[in-house]
Amino acid sequence: MTQAFNIALILVGDELLSGRRRDAHLPHFAGVFAARGLNLRQVWVVGDGREDIARVLGDSRRLHCPVLCCGGIGATPDDQTRQAAAEAFGSPLEIHEAGRHLLESLYRERTYPHRIRMVEF
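This write-up is about the structure you can find in this document. Since we're looking at a predicted model, the values are computed, not measured.

### Let's talk about the sheet that holds strand β2 (residues 38–46)
A sheet is described by the order of its strands in space; here three strands give the open sequence β2-β1-β3, paired in parallel fashion. Two strands in the sheet have a free side with no partner beyond their single neighbour: β2 and β3 (67–70). For this sheet, the mean inter-axis angle between neighbouring strands, taken without regard to orientation, is 20 degrees. Packing against the sheet, helix α3 (residues 50–60) makes contact with β1 (5–12), β2 and β3, and its axis sits at approximately 155 degrees to β2.

And the structure:
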């Protein structure tokens, strides 16, 4: 019998912790993972604070499995997830050039100042 491949999930958002919004990511991904023979090993729910996100991302490294991060990602001006990941993994954020060109072709001047953040890695 083959051992199930482990995967973990981090759900980001103050609205999840306050109860203002019901999370839809966990049930969705639990089903997607199970259908592919993946074992959902751990789930964290963390607020929007950069320090908290960085701590949980750092802790996730000890699992030695892929980790998906949901919520808090996008063109929102208050998102701290990318910066927290950069801190947790000791890597600077950089604009992905092909992504920049794609966004500029789709959104032109509306790419800036927020949409460009979607291609910061």
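Structure shown, so let's carry the discussion forward.
### Observations concerning unusual backbone geometry
Along the chain, Y112 connects to P113 via a cis peptide bond; the corresponding omega equals 10 degrees. The topology assignment puts P113 in the segment after α5 (97–107). With a phi angle near 55 degrees, H64 is a residue other than glycine that sits in the positive phi range. Of note, the phi angle at R108 is positive, near 50 degrees, even though the residue is not glycine. Turning to its location among the elements, R108 is positioned in the segment after α5. Residue R108 is classed as exposed on the basis of its relative accessible area of 57%.

### Structural notes on a nonpolar patch on the surface
Taken together, the side chains of L17, L26, V43 and V45 define a hydrophobic patch exposed on the protein surface, amounting to about 300 Å² of accessible area. For L17, the location among the structural elements is in helix α1 (residues 14–18).

Parameters and conventions
- Residues numbered from 1 in each chain as written.
- Predicted model: local features only at pLDDT ≥ 70, side-chain atom pairs only at ≥ 80, totals over all residues.
- Heavy atoms only, no water.
- Pairing = 2+ DSSP bridges.
- Helix = DSSP H or I, 4+ residues; strand = E, 2+ residues; numbered from the N terminus.
- Axes fitted to C-alpha atoms, helices over the stretch in contact; angles between N-to-C directions.
- Contact = heavy atoms within 4.5 Å.
- Buried < 20%, exposed > 50% of the residue type's maximum accessible area, 1.4 Å probe, protein only.
- Patch = residues over 30% accessible without salt bridge, like charges linked within 9 Å, V, L, I, M, F, W, Y side chains within 5 Å.
- Areas by Shrake-Rupley, 256 points an atom, 1.4 Å probe, with all protein chains shown as cover.
- Salt bridge = Lys/Arg side-chain N within 4 Å of Asp/Glu carboxyl O.

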